[in-house]
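# Structural description and commentary
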Amino acid sequence: MPLTQRNDQTSPTVGGIGKELLISEAFDHSRVTELRHLVAARGGGSGLTGDRLDDFVVAVNELLTNAVRHGGGTGHLTVWVEDDSLICEVDDRGAGLGFVDLHRPAPNQPGGWGLWLVGELTDTCEIKTGPQGTAIRISSGFSR
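To start, this report covers the structure provided alongside it. (Residues numbered from 1 in each chain as written. Predicted model: local features only at pLDDT ≥ 70, side-chain atom pairs only at ≥ 80, totals over all residues. Heavy atoms only, no water.)

## A word on the environment of Glu126
Considering the arrangement of structural elements, one finds Glu126 in strand β6 (residues 124–130). For Glu126, a relative accessible area of 39% puts it in the partly exposed group. Residues Glu126 and Arg137 lie 11 residues apart in sequence; the distance between their C-alpha atoms is 5.1 Å. (Helix = DSSP H or I, 4+ residues; strand = E, 2+ residues; numbered from the N terminus. Buried < 20%, exposed > 50% of the residue type's maximum accessible area, 1.4 Å probe, protein only.)

In C-alpha coordinates:
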(Lines give C-alpha, C1' and ligand atoms only; values in the text may rest on other atoms or scores of the structure.)
Protein backbone atom coordinates (compact mmCIF):
# COMPACT_ATOMS: atom_id res chain seq x y z
CA MET A 1 0.00 0.00 0.00
CA PRO A 2 1.48 3.42 -0.89
CA LEU A 3 2.16 5.73 2.02
CA THR A 4 1.33 9.39 2.35
CA GLN A 5 2.59 12.01 4.74
CA ARG A 6 0.23 13.45 7.33
CA ASN A 7 -1.19 16.85 6.52
CA ASP A 8 -0.31 17.96 10.06
CA GLN A 9 3.40 18.53 9.49
CA THR A 10 3.82 20.32 12.81
CA SER A 11 3.94 16.89 14.44
CA PRO A 12 6.87 14.52 14.20
CA THR A 13 6.30 11.26 12.36
CA VAL A 14 8.36 8.13 11.97
CA GLY A 15 7.46 7.92 8.28
CA GLY A 16 4.49 7.95 5.95
CA ILE A 17 1.02 7.17 7.25
CA GLY A 18 -1.01 4.52 5.43
CA LYS A 19 -4.08 5.51 3.48
CA GLU A 20 -6.48 3.11 5.23
CA LEU A 21 -6.89 5.29 8.32
CA LEU A 22 -8.95 3.95 11.19
CA ILE A 23 -8.27 6.73 13.70
CA SER A 24 -6.65 10.16 13.51
CA GLU A 25 -7.33 12.10 16.70
CA ALA A 26 -5.70 14.73 18.88
CA PHE A 27 -5.81 13.95 22.59
CA ASP A 28 -5.06 15.10 26.09
CA HIS A 29 -5.55 13.34 29.44
CA SER A 30 -9.33 13.56 29.16
CA ARG A 31 -9.45 11.39 26.00
CA VAL A 32 -7.11 8.52 26.90
CA THR A 33 -9.85 6.11 28.04
CA GLU A 34 -12.12 7.00 25.11
CA LEU A 35 -9.31 6.45 22.61
CA ARG A 36 -8.28 3.16 24.21
CA HIS A 37 -11.82 1.87 23.65
CA LEU A 38 -11.84 3.22 20.09
CA VAL A 39 -8.56 1.43 19.32
CA ALA A 40 -10.05 -1.81 20.67
CA ALA A 41 -13.20 -1.45 18.56
CA ARG A 42 -11.55 -0.37 15.31
CA GLY A 43 -8.60 -2.72 15.76
CA GLY A 44 -10.95 -5.65 16.29
CA GLY A 45 -12.98 -4.60 13.26
CA SER A 46 -9.82 -4.56 11.16
CA GLY A 47 -8.99 -8.20 11.90
CA LEU A 48 -6.71 -8.12 14.94
CA THR A 49 -8.33 -10.33 17.58
CA GLY A 50 -7.86 -12.11 20.88
CA ASP A 51 -4.67 -11.68 22.88
CA ARG A 52 -2.99 -9.89 19.96
CA LEU A 53 -5.67 -7.17 20.07
CA ASP A 54 -5.56 -6.97 23.87
CA ASP A 55 -1.77 -6.58 23.81
CA PHE A 56 -1.97 -3.91 21.10
CA VAL A 57 -4.54 -1.92 23.10
CA VAL A 58 -2.39 -2.06 26.25
CA ALA A 59 0.62 -0.86 24.24
CA VAL A 60 -1.34 2.02 22.72
CA ASN A 61 -2.66 2.99 26.15
CA GLU A 62 0.93 3.12 27.44
CA LEU A 63 1.94 5.38 24.55
CA LEU A 64 -1.03 7.70 25.12
CA THR A 65 -0.30 7.90 28.83
CA ASN A 66 3.40 8.57 28.24
CA ALA A 67 2.59 11.38 25.80
CA VAL A 68 0.34 13.02 28.39
CA ARG A 69 2.77 12.48 31.29
CA HIS A 70 6.10 13.12 29.64
CA GLY A 71 5.39 14.70 26.25
CA GLY A 72 3.78 18.00 27.03
CA GLY A 73 0.27 16.86 27.97
CA THR A 74 -1.16 16.44 24.48
CA GLY A 75 -0.54 14.35 21.41
CA HIS A 76 -1.92 12.85 18.24
CA LEU A 77 -3.02 9.24 17.73
CA THR A 78 -3.07 7.71 14.26
CA VAL A 79 -4.08 4.09 13.62
CA TRP A 80 -4.22 2.43 10.23
CA VAL A 81 -4.06 -0.90 8.43
CA GLU A 82 -1.12 -1.61 6.16
CA ASP A 83 -0.64 -4.96 4.47
CA ASP A 84 -1.35 -7.57 7.18
CA SER A 85 -0.72 -5.33 10.19
CA LEU A 86 -2.45 -2.87 12.44
CA ILE A 87 -0.19 0.14 12.93
CA CYS A 88 -0.34 2.94 15.47
CA GLU A 89 1.68 6.11 15.81
CA VAL A 90 1.47 8.38 18.83
CA ASP A 91 3.26 11.69 18.65
CA ASP A 92 3.70 14.60 20.99
CA ARG A 93 5.42 17.97 21.06
CA GLY A 94 7.41 17.44 24.23
CA ALA A 95 11.12 18.08 24.66
CA GLY A 96 12.06 14.64 23.33
CA LEU A 97 13.44 11.58 25.02
CA GLY A 98 16.95 11.18 26.28
CA PHE A 99 18.62 7.83 25.92
CA VAL A 100 15.98 5.15 25.30
CA ASP A 101 16.79 1.70 26.63
CA LEU A 102 14.27 -0.88 25.47
CA HIS A 103 15.82 -3.66 27.58
CA ARG A 104 13.93 -5.06 30.55
CA PRO A 105 14.43 -2.78 33.56
CA ALA A 106 15.74 -4.17 36.84
CA PRO A 107 12.92 -5.53 39.03
CA ASN A 108 13.40 -2.76 41.62
CA GLN A 109 13.55 0.05 39.04
CA PRO A 110 10.57 2.39 39.56
CA GLY A 111 10.39 3.71 35.98
CA GLY A 112 11.29 2.71 32.46
CA TRP A 113 8.85 -0.15 32.21
CA GLY A 114 6.41 1.45 29.75
CA LEU A 115 8.43 1.45 26.54
CA TRP A 116 9.89 -1.95 27.36
CA LEU A 117 6.34 -3.30 27.74
CA VAL A 118 5.27 -1.67 24.46
CA GLY A 119 8.14 -3.46 22.71
CA GLU A 120 7.21 -6.79 24.30
CA LEU A 121 3.52 -6.56 23.37
CA THR A 122 3.92 -5.59 19.71
CA ASP A 123 5.81 -6.85 16.66
CA THR A 124 7.64 -3.60 15.94
CA CYS A 125 8.43 -0.41 17.83
CA GLU A 126 10.12 2.55 16.14
CA ILE A 127 10.98 5.79 17.90
CA LYS A 128 11.82 9.19 16.44
CA THR A 129 12.62 11.81 19.04
CA GLY A 130 14.16 15.23 19.27
CA PRO A 131 13.57 18.70 20.71
CA GLN A 132 10.44 19.12 18.56
CA GLY A 133 8.74 16.06 20.06
CA THR A 134 8.56 12.29 19.90
CA ALA A 135 6.77 9.90 17.56
CA ILE A 136 6.50 6.22 18.42
CA ARG A 137 5.15 3.74 15.88
CA ILE A 138 4.11 0.21 16.76
CA SER A 139 2.62 -2.60 14.73
CA SER A 140 1.05 -6.00 15.26
CA GLY A 141 0.43 -8.48 12.48
CA PHE A 142 -2.99 -10.05 12.02
CA SER A 143 -1.48 -13.52 11.98
CA ARG A 144 1.63 -14.68 13.71
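## A short note on the environment of Trp116
Residue position: Trp116 is located in helix α3 (residues 113–121). Spatially, the C-alpha atom of Trp116 lies 7.7 Å from that of Pro105, the residues being 11 residues apart in sequence. In this view, Trp116 contacts Leu102, His103, Arg104 and Pro105; residues no more than four positions away in its chain are not counted. (Contact = heavy atoms within 4.5 Å.)

## Quick notes on the nonpolar core
Leu77 and Ile138 are the most contacted members of the largest nonpolar core, which has 26 residues in total. Contributions of two or more residues to this core are made by β3 (20–28), α1 (32–46), α2 (50–70), β4 (74–82), β5 (85–92), α3 and β7 (133–141). Ranked by residues supplied to this core, first place goes to α2 with 8 residues. (Core = buried A, V, L, I, M, F, W, Y, C linked by side-chain atoms within 4.5 Å.)

## A short note on the pairing of β4
Burial analysis of β4 places 8 of its 9 residues in the buried class, the great majority of the element. One ladder, built from 8 bridges, connects β3 with β4; its direction is antiparallel. Its bridge partner being in β4, Phe27 is matched across the sheet by Gly75. (Pairing = 2+ DSSP bridges.)

## Topic: the pairing of β7
For β7, the buried fraction is high: 9 of the 9 residues fall into the buried class. Direction of pairing for β5 relative to β7: antiparallel, over a ladder of 8 bridges. Looking at β7, one finds that Cys88 is bridged to Ile138. Relative to β7, β6 runs antiparallel, the two sharing 7 bridges. Residue pairing for β7: Cys125 is matched across the bridge by Ile138. Turn length for the β6-β7 hairpin, with the two strands adjacent in sequence and antiparallel, is 2 residues.

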